[in-house]
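Fold and geometry: a report
Residues per chain, in single letters:
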Amino acid sequence: MKVVVFDNYEEVSVQVAQLVEAQILRNDRSVLGLATGSTPLGLYERLIEGVTSRGISYQNVRTINLDEYLGLGEGHPESYRTFMTDNLFNKIDIVTENTYIPDGTPDSAEEECLRYEQVIDDVGPIDLQILGIGTNGHIGFNEPGTDSNSLTHVVELVASTRESNARFFPSINEVPTHAITTGIKSILKSKQIIVMATGKDKAEAVKTLLSKDMNESFPASILWNHDNVTLIVDRDAYQLVKS
Ligand code: F6R
C-alpha cells in the first residue's frame, strides 16, 4: 500500500481528481468504482469542474457504486442513487444507463445481490475504485467481522454507522437498518484502489490501517492483500501515525 499525505482536504480532492482524470484520458471507456459519503464530495466537485475547464468527457465512462440503502427508492432524497445524481451524474456528461448502483427496493434483495455482482463482472473489472473509510474500518458497508471472501450481500448496519449517517436524515429512526453492499472480495476485483481519508475523525482508522494487522475485525485492513492500493490522506487523518 502506497501512502500519500497532503496538507488538507482540498489538496486530497485535487490529487484524486487528477488520478481519475488521468485514468479517463488513458482510456475513455474506463470503469470507475465510486463511493458516497462526505469524503468524495470535494473530488466530485473537481471532476465536475474538469468537464467544463479541462474538456474531460464521461460519455463512454461506466461507474459502479459500492452500496445502497435497502428500502430507499431512486427518488428518495437520501438514497445513494439520489446522492450520486445530485452531486455528480447530473453535472457531467455521463449516460445514466452507464451508472450502476444496487437497487434499494428490489423484489428480492438476495437476487439483487447476485445480479449486482454479475454487473461488476460483466461491466468491470473496475479500473479505478475510490473508497472512503469508516471510523470502524468499514469499506462500502462491510462492517467489522465481514468475511473477506464476501461478494455483494445484504448487511445489517451497525449502530455506529447508523448514528454517523443520521446527520443526513430527519431523525435516526429514519436511517435504514439494512443495505446492499459490494463485498470485500468484490472490491478486491478492482485493478487499482484509492482509499481517501480526511479529517481528525479518521486518524484512529488510518493508524489502525497502517499498523498492517490484517484482520476481519477491521475490514479495510484486508486491502493489504491487493497489490495496487494507494491511501491518500490529509495531515489531520495522518496525525496519529508515527513517522
Ligand atoms: C459510501 C461508503 C462508506 C463511506 C464511509 C466513509 O458509499 O461505502 O464506506 O465511504 O462510511 O464515509 P464518509 O466519507 O462520510 O466519512
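Below is a short write-up of the structure. This structure is a prediction, so every number in the text was calculated from the model and none was measured.

1. What about the overall build of the protein?
What the protein contains, in helices and strands, is eight helices and ten strands. C-alpha atoms of the protein, sized along the principal axes, occupy 50 × 45 × 35 Å. Sorting the 243 residues of the protein into buried and exposed places 54% on the buried side. Look at the contacts in the protein between residues 6 or more apart in sequence, and 79% of them connect residues 24 or more apart. Per element, the accessible surface of the protein, about 10,900 Å² overall, is 47% carbon and sulfur. One way to put it: in the protein the 20 positive side-chain charges average out to a point 7 Å from where the 35 negative ones average out.

2. Regarding the side chain of Thr146
Along the chain, Thr146 turns up in the loop between strand 6 (128-131) and strand 7 (153-156). Here Glu143 takes part through its backbone oxygen, which lies 2.5 Å from a polar atom of the side chain of Thr146. In this structure Thr146 touches His153, Ile184 and Glu216, once residues within four positions along its chain are discounted.

3. Quick notes on the packing of helix 1 (residues 9-26) against helix 2 (residues 41-53)
Viewed as axis vectors pointing N to C, helix 1 and helix 2 meet at an angle of 50°, and their least axial separation amounts to 8 Å. Between helix 1 and helix 2, the angle is such that the two are oblique. The handedness of the crossing between helix 1 and helix 2 comes out as right-handed. From helix 1, Tyr9, Glu10, Ser13, Val14, Val16, Ala17, Val20 and Glu21 reach across to helix 2, where they touch Leu41, Gly42, Leu43, Arg46, Leu47 and Gly50. Broken down by class, the residue content of the contact of helix 1 with helix 2 amounts to eight nonpolar, three polar and three charged.

4. Examining the site of the ligand
The immediate surroundings of the ligand are formed by 14 residues, with Thr39, Asp67, His138, Gly140 and Lys202 found nearest. The contact in question runs from an oxygen atom of the ligand to an N or O atom on the side chain of His138, over 2.6 Å. One of the side-chain nitrogen or oxygen atoms of Arg167 is found 3.2 Å away from an oxygen atom of the ligand. When the free accessible area of the ligand is taken as 410 Å², the share hidden by the protein chains comes to 91%.

Rules used throughout
- Residues numbered from 1 in each chain as written.
- Predicted model: local features only at pLDDT ≥ 70, side-chain atom pairs only at ≥ 80, totals over all residues.
- Heavy atoms only, no water.
- Helix = DSSP H or I, 4+ residues; strand = E, 2+ residues; numbered from the N terminus.
- Buried < 20%, exposed > 50% of the residue type's maximum accessible area, 1.4 Å probe, protein only.
- Contact = heavy atoms within 4.5 Å.
- Areas by Shrake-Rupley, 256 points an atom, 1.4 Å probe, with all protein chains shown as cover.
- Lys, Arg positive; Asp, Glu negative; His and termini not counted.
- Charge placed at Lys NZ, Arg CZ, Asp CG, Glu CD.
- Polar contact = N/O pair within 3.5 Å; in protein donor to acceptor, adjacent residues only side chain to side chain.
- Axes fitted to C-alpha atoms, helices over the stretch in contact; angles between N-to-C directions.
- Parallel < 35°, antiparallel > 145°, perpendicular 65-115°, else oblique.
- Left-handed = near helix turned anticlockwise from the far one by under 90°.
- Nonpolar A, V, L, I, M, F, W, Y, C, P; charged D, E, K, R; others polar.
- Near = heavy atom within 4 Å.

So, to be careful, I would describe these as geometric facts and stop short of saying anything about function.
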